[in-house]
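# Fold and geometry: a report
Below, each chain spelled out in residue letters.
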Amino acid sequence: MEQSALWDRYKKYLYLNNTLGIYIDISRMNFSDNYFEEIKPKIETAFKDMESLEKGAIANPDEKRMVGHFWLRNPSLAPKPEIREEISETILKIKEFSSKIHKGEILSSTGKMFKRVLLVGIGGSALGPQFVANALQDNDTKLQISFLDNTDPDGFDRLFAKIKDELDQTIVLVISKSGGTKETSNGMEETKEIFSKTNLTFSKHFVAITGKYSKLHKLALQEDWLEIFPLWDFVGGRTSETSAVGLLPAALQGIDIDELLRGAKECDEQTRRNDICQNPAAILALMWYYFTQGVGGKEMVIIPYNDRLQLFSKYLQQLIMESLGKEKDLNDNIVNQGIAVYGNKGSTDQHSYVQQLLDGPDNYFITFMEVLKKRSKTSIILEDKVTSGDYLHAFLLGTRNALTKKQKQSITITVDEITPYSIGVLIALYERAVGLYASLVNINAYHQPSVESGKKIATLTINLQKDLLSFLDNNRGKKYTPLEIATEIGQNTEIETIFKTLQHLTANMNFNVEKDNHEDVFSTKYFIKAN
Ligand SMILES: O=P(O)(O)OC[C@H]1O[C@](O)(CO)[C@@H](O)[C@@H]1O
């Protein structure tokens, strides 16, 4: 398309909202001029689905629960008075608690002011807080934040070494909606251990954010933790950033959570509109739908030209892929829906995978994210009339044009600046776009039926490890090949798992499993020395 025709298309389709401080340019997606008209009946059904969701319909049939993350930023919309009260009370409690921490009215177990937050959580219980911290935390932050979002022992050690001198001034947020996620409970136990090794009373540092009556809730009550904040059934992990999951860590860091909530609330108001061209979430969802033809199997590359948005793609990866990656549609047909999400930041990505985007397979569309205000002070002039921010701007336009020249499609989202408000807007925008897209392709965006399968197999592996350790322990001094062990414990079909578990055990020192090296790795014998 000629440059002048592109400009006409740009003007025709630019979504611009001064209240939200956002522009969405879809002119470089190749939909036809009658696309919105043709798709109207479908998106109108999606609008209706969303409306009933907001009114409290059971939108998650297998889990039999409501989906109400929108109520978190506008409690008056919640369908029941007790929900409204609980949401408002929790926001108040978060603010009061954080203010007491900041003023030193709540002190650590050693009577010191808290300086650090350690967040222990995974998936939706960490990705939002990580994204928001990276976007909004500055040097004047009230409390520095770190994260444990895995069950990697080396990861634990590295982080504990980093914060060990300030452990007595660290507040630990253990976040788990279900209260039973293994990675999180392992992180919690390892953190407790570090506290007790340092002779600190952990309970005076630990705060739980979890569902009522969950295992974690009971434990926090029983061990008399510093505080407990609620999570509700109607908030899914990946849409929990505007619940205590996101608000408490943000408030502790000194981020203005009222502004974050206001951004999300005002974005919800705009994305509730039934006119496609006035609804930024509908515009996004319809672009995704246009590109995937409603059958998925494509890639969405998110490239923000701003370091603060670097974790946005990681955050969206869960929001989009856990919501839209589904085997079956709502009528039980096998559809294998999904859009793969990846990205990092510009212009860094220009020096990484953009080469493939330009020359490789044509199975993706890009969302460029532009932030108009590059800095809060004036910049040095690097060369005649040019600053570093001008280069950031130029690289975005350069890459975008280079891709257009190669017939690659892209959306560009522009925000005025990165503030708690604009971050709230972006979160609500994508939450709603995901919901609308799910309706368009007739899937349930609010369950994750298959994530359990990996967890179940992990449990079987752990049980197998226990069995083989008991066997070696009961036969100390005797040496066995993996196959002999498998036969002895009656698990011949699990030979590969047994082989890999033996390799894992001998590489670690915990249970004294040793091996006699043999040149045929499968004939190597394993044993525990006799006492
Ligand atoms: O907050 P929880 O219950 O610990 O769950 C953590 C994450 O695990 C999942 O349930 C699935 O892996 C995610 O949906 C969720 O965000």
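About the cut-offs
Residues numbered from 1 in each chain as written. Predicted model: local features only at pLDDT ≥ 70, side-chain atom pairs only at ≥ 80, totals over all residues. Heavy atoms only, no water. Core = buried A, V, L, I, M, F, W, Y, C linked by side-chain atoms within 4.5 Å. Buried < 20%, exposed > 50% of the residue type's maximum accessible area, 1.4 Å probe, protein only. Helix = DSSP H or I, 4+ residues; strand = E, 2+ residues; numbered from the N terminus. Domains from an automatic or database assignment. Contact = heavy atoms within 4.5 Å. Pairing = 2+ DSSP bridges. Polar contact = N/O pair within 3.5 Å; in protein donor to acceptor, adjacent residues only side chain to side chain. Axes fitted to C-alpha atoms, helices over the stretch in contact; angles between N-to-C directions. UniProt positions renumbered as here; feature names shortened; annotations may be inferred. Patch = residues over 30% accessible without salt bridge, like charges linked within 9 Å, V, L, I, M, F, W, Y side chains within 5 Å. Areas by Shrake-Rupley, 256 points an atom, 1.4 Å probe, with all protein chains shown as cover. Salt bridge = Lys/Arg side-chain N within 4 Å of Asp/Glu carboxyl O. pLDDT = per-residue confidence, 0-100. Phe/Tyr/Trp six-rings, centres within 6.5 Å; stacked < 30°, edge-to-face > 60°. Lys NZ or Arg CZ within 6 Å of the ring centre and 35° of its normal. Near = heavy atom within 4 Å. Expected span 1.5 Å × (residues − 1). Arc of directions from axis to C-beta. Lys, Arg positive; Asp, Glu negative; His and termini not counted. Parallel < 35°, antiparallel > 145°, perpendicular 65-115°, else oblique. Left-handed = near helix turned anticlockwise from the far one by under 90°. Nonpolar A, V, L, I, M, F, W, Y, C, P; charged D, E, K, R; others polar.

When a protein is soluble and globular, its nonpolar side chains tend to lie buried together. One finds Trp288, Phe312, Ile423 and Tyr430 to be the most contacted residues of the largest nonpolar core, which totals 113 residues. Per-element tally for this core: the top contributor is helix H14 (residues 420-440), with 14 residues. In terms of domain composition, this core takes at least three residues from each of domain 1 (3-58 + 259-447) and domain 2 (68-255). Sequence-distant contacts of Phe312, defined by excluding residues within four places in its chain, comprise Phe131, Ile302, Met369, Leu426 and Tyr430. Membership of the second largest hydrophobic core comes to 22 residues, among which are Ile194, Leu219, Ala220 and Trp225.

For the rest of this paragraph, the subject is the pairing of strand S9 (residues 227-231). Sheet topology places strand S8 (residues 206-211) next to S9; 5 bridges connect them, and they run parallel. When the bridges of S9 are listed, Ile209 appears paired with Phe229.

As a further point, take the environment of Lys479. With respect to the secondary-structure elements, Lys479 resides in the loop between helix H15 (451-474) and helix H16 (482-488). Looking at Lys479, the relative accessible area reads 35%, which means it is partly exposed. Separated by 35 residues in the primary sequence, Lys479 and Glu514 place their C-alpha atoms 9.4 Å from one another. If we ignore the near neighbours within four places in the chain, the residues touching Lys479 are Glu484, Asp516, Lys525, Tyr526 and Phe527. There is a polar contact of 2.7 Å between the side chain of Lys479 and the side chain of Asp516.

A separate point is the sheet that holds strand S10 (residues 298-304). One open sheet holds the 6 strands; their spatial order is S1-S2-S13-S12-S10-S11, and the pairing between them is mixed. Looking at strand neighbours, the two that pair on one side only are strand S1 (15-17) and strand S11 (339-342), the edges of this open sheet. In this sheet, adjacent strand axes meet at a mean angle of 15 degrees when their direction is disregarded. Pairing analysis gives 3 bridges linking S1 to strand S2 (residues 22-25), with the strands arranged antiparallel. Its bridge partner being in S2, Tyr15 is matched across the sheet by Ile24. Along the sheet, helix H11 (residues 312-324) contacts S10, S11 and strand S12 (364-371); its crossing angle with S11, the most-contacted strand, is approximately 165 degrees.

Looking now at the UniProt feature "active site" (unreviewed entry) in the chain. The sites that carry the UniProt feature "active site" (unreviewed entry) are, in the present numbering, Glu322, His351 and Lys455. Spatial dispersion of the annotated residues is evident: they stretch over 134 residues in sequence, and the largest pairwise C-alpha distance comes to 36.7 Å. Summarising the element assignment, His351 is placed in the loop between S11 and helix H12 (354-359). On the basis of relative accessibility, which here comes to 67%, the residue His351 falls in the exposed class. You can see Lys455 is positioned in helix H15.

Our focus in this paragraph is a nonpolar patch on the surface. There is a patch of nonpolar side chains on the surface, built from Ile380, Leu382, Tyr391 and Phe395 and spanning about 400 Å² of accessible area. As for its position among the elements, Tyr391 is in helix H13 (residues 388-405). Tyr391 gets classed as partly exposed once you look at its relative accessible area, which sits at 34%.

A word on the confidence of the model for the chain. Summarising the model, the chain shows a mean pLDDT of 97, and 100% of its residues fall at 70 or more. Per the prediction output, this complex has pTM 0.97; the corresponding ipTM is 0.98.

The subject of this paragraph is the packing of aromatic side chains. One pair of aromatic rings is described through two measures. These are the centre distance and the angle between the planes. One pass over the full model with this rule turns up 28 aromatic pairs. Measuring from ring centre to ring centre gives 5.2 Å for Phe206 and Trp225, while their planes differ by 85 degrees; the resulting arrangement is edge-to-face. Note that Phe206 is positioned in strand S8 and Trp225 in the loop between helix H7 (215-222) and S9, a separation of 19 residues in sequence. Members of the aromatic cluster, each reached through a chain of ring pairs, are Phe131, Trp288, Tyr289, Phe312, Tyr315, Tyr430 and Tyr437. One Lys or Arg, Arg9, reaches over the ring of Phe31 and ends 4.5 Å from the middle of that ring. Positioned above the aromatic ring of Phe527 is the side chain of Lys479, whose terminal nitrogen or guanidinium carbon lies 4.6 Å from the ring centre.

So, on to the site of the ligand. Residues in close proximity to the ligand total 14 residues, the closest being Gly124, Ser125, Ser176, Ser178 and Thr181. The contact in question runs from an oxygen atom of the ligand to an N or O atom on the backbone of Gly124, over 2.8 Å. A distance of 2.7 Å separates an oxygen atom of the ligand from a polar side-chain atom of Ser125. In the complex, 84% of the free accessible area of the ligand, which totals 400 Å², lies under the protein chains. Elements with a contribution of two residues or more to the shell around the ligand: H11 and H15.

Moving on, we get to helix H6 (residues 182-197). The end-to-end C-alpha distance of H6, which contains 16 residues, comes to 22 Å, matching closely the 22 Å that a straight helix rising 1.5 Å per residue would cover. Within the span of H6, buried status applies to Thr184, Gly187, Met188, Thr191, Lys192, Ile194 and Phe195. Buried residues of H6, viewed axially, fall in a sector of 160 degrees; they line one side. Exposed residues lying more than 90 degrees from the buried face of H6 are Lys182 and Lys197.

Within the secondary structure layout, Arg28 lies in the loop between S2 and helix H2 (35-54). Buried within the structure, Arg28 lacks any salt-bridge partner; its nearest side chain of opposite charge belongs to Asp25, at an N-O separation of 4.7 Å. Here the side chain of Arg28 touches Asn401 through a polar contact of 2.7 Å, side chain to side chain. Excluding its chain neighbours within four sequence positions, the residues that come into contact with Arg28 are Gln3, Leu6, Arg400, Asn401, Thr404, Lys408, Gln409 and Ser410.

With their axes 8 Å apart at the nearest point, helix H10 (residues 280-292) and H14 run at an angle of 45 degrees to one another. Between H10 and H14, the interaxial angle falls into the category oblique. When the axes of H10 and H14 are compared, the crossing they make is right-handed. Taking contact as the criterion, the partners of Pro280, Ala281, Ala282, Leu284, Ala285, Leu286, Trp288, Tyr289 and Thr292 in H10 are, on H14, Leu429, Tyr430, Arg432, Ala433, Val434, Leu436, Tyr437 and Leu440. Taken together, the residues that form the contact of H10 with H14 break down as 15 nonpolar, 1 polar and 1 charged.

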